[in-house]
Amino acid sequence: MSSESAIAVSESTRARTIDIHGWVITASTNAISNASECDALQSALGFPLPEMTFGNNFLSLEHRPSGWSLTLDAKGALSSVKGGELEEGDGGVKVGYADAWLKSRTDPGTSFPLPTTVAAKPYDWTYTTTYAGHHPDASSDSETWTDADPDDPAHAIPLSELTKPDPILFYAEVPLFEDELHDNGSSQLLVRIRVMPTCIFILARFTLRMENVLCRIHDARIFHSFTWSAPIPIVVRQLSGWEAPYDRVKRQLPRRNDLTPLTDVNFIAKVLTEMPSEASQQVGAGTRWRGMRTKVQVAKLESRG
């Protein structure tokens, strides 16, 4: 483990960087993408973008001794949204206003039409994603991550370490996209990172609220301890997804006539995660979404030297 004096934080107009214990971490936050940037990304993806797409935002991490790197950005996140007809496990939502919503987003008379060079096609209009970042130098996720050993306490995210009152050396919130689903709810992906003297912790949270239909959360938690004592340090990743019918979440409101908490991501997450797992990770809202599960994986940071 490097000394505390090795820590350096730098800042520019739109990005902040911390250099700590062999890691270089950069968070960049910018305004929503402009029209030409949206056109280019829509052409690449083949479906309409969310109303607010932060195409220039990103979080990047590089572990210099091993060369291991991870990036979270809007293009990567939206690339994991299902394009084309939805299939079993995609968690597709069939509601009466879906067709009208799709038409409103592909009609040339709207403010967000598809570029004329792209033919309108079905896609997951809720922008559901289980995105947990991507590795620029790896051809597949499976090359980087392996299933954790449930009997190894190091292959878990230690809640006790994250709740310590340690100083936060670096913190950032990086929004990647948000959409109001034609005024029928909200779909958003927000990445948060905090770096403390002993560890790095990232939460990439996708939240879907469809009024009178369902609520859905997917969390990608990524953790690395600077105090790891084994010869090869690791990164731990926990992927968890939950969903439930909208009315079931609504019944948990503190006051029946105050619907404000239903627009609060933290309220939705608390309700879903405190439900019995059979309800929120098996039955869900009846969509058979494959994201309903909890899976823990690890990546080894083997030194190149």
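Predicted, not measured: the structure shown is a model, and the values here were computed from it.

Calculation notes
- Residues numbered from 1 in each chain as written.
- Predicted model: local features only at pLDDT ≥ 70, side-chain atom pairs only at ≥ 80, totals over all residues.
- Heavy atoms only, no water.
- Helix = DSSP H or I, 4+ residues; strand = E, 2+ residues; numbered from the N terminus.
- Buried < 20%, exposed > 50% of the residue type's maximum accessible area, 1.4 Å probe, protein only.
- Areas by Shrake-Rupley, 256 points an atom, 1.4 Å probe, with all protein chains shown as cover.
- Polar contact = N/O pair within 3.5 Å; in protein donor to acceptor, adjacent residues only side chain to side chain.
- Phe/Tyr/Trp six-rings, centres within 6.5 Å; stacked < 30°, edge-to-face > 60°.
- Lys NZ or Arg CZ within 6 Å of the ring centre and 35° of its normal.

1. Some words on the overall build of the protein chain
Consideration 1: The secondary structure content of the protein chain amounts to seven helices and 13 strands.
Consideration 2: Burial status across the protein chain gives 50% buried among its 305 residues.
Consideration 3: As displayed, the protein chain offers around 14,900 Å² of accessible surface, 49% of which is attributable to carbon and sulfur atoms.

2. As for the environment of aspartate 152
Consideration 1: As for its position among the elements, aspartate 152 is in the loop between β7 (146–147) and α4 (159–162).
Consideration 2: Aspartate 152 gets classed as partly exposed once you look at its relative accessible area, which sits at 26%.
Consideration 3: Polar side-chain contacts of aspartate 152 include one of 2.9 Å to the backbone nitrogen of alanine 154.

3. So, unusual backbone geometry
Consideration 1: The backbone phi angle of histidine 182 is positive, close to 55 degrees, even though this residue is not glycine.
Consideration 2: The residue histidine 182 is located in the loop between β8 (170–179) and β9 (185–196) in this model.
Consideration 3: Look at aspartate 183: it is not a glycine, yet its phi comes out positive at around 65 degrees.
Consideration 4: Topologically, aspartate 183 is positioned in the loop between β8 and β9.

4. Comments concerning the packing of aromatic side chains
Two aromatic rings are characterised by how far apart their centres lie and by the angle between their planes.
Consideration 1: For the structure shown, the criterion picks out seven aromatic pairs.
Consideration 2: Aromatic pair tryptophan 68 and tryptophan 145: ring centres 5.9 Å apart, planes at 85 degrees, arrangement edge-to-face. On the criterion of sequence distance, the pair formed by tryptophan 68 in strand β6 (residues 68–73) and tryptophan 145 in the loop between α3 (98–106) and β7 is long-range, its members being 77 residues apart. The exposure classification of tryptophan 68 matches that of tryptophan 145, with both residues buried.
Consideration 3: A ring pair is formed by phenylalanine 177 and phenylalanine 206, whose centres lie 6.4 Å apart and whose planes are at 50 degrees; its orientation type is tilted. With phenylalanine 177 in strand β8 and phenylalanine 206 in strand β10 (residues 199–210), this pair connects stretches of sequence that are 29 residues apart.
Consideration 4: Site record: aromatic cluster; members linked through ring pairs are Phe47, Tyr123, Tyr127, Phe177 and Phe206.
Consideration 5: Sitting over the face of the ring of tryptophan 289, arginine 216 holds its NZ or CZ atom 4.6 Å from the ring centroid.

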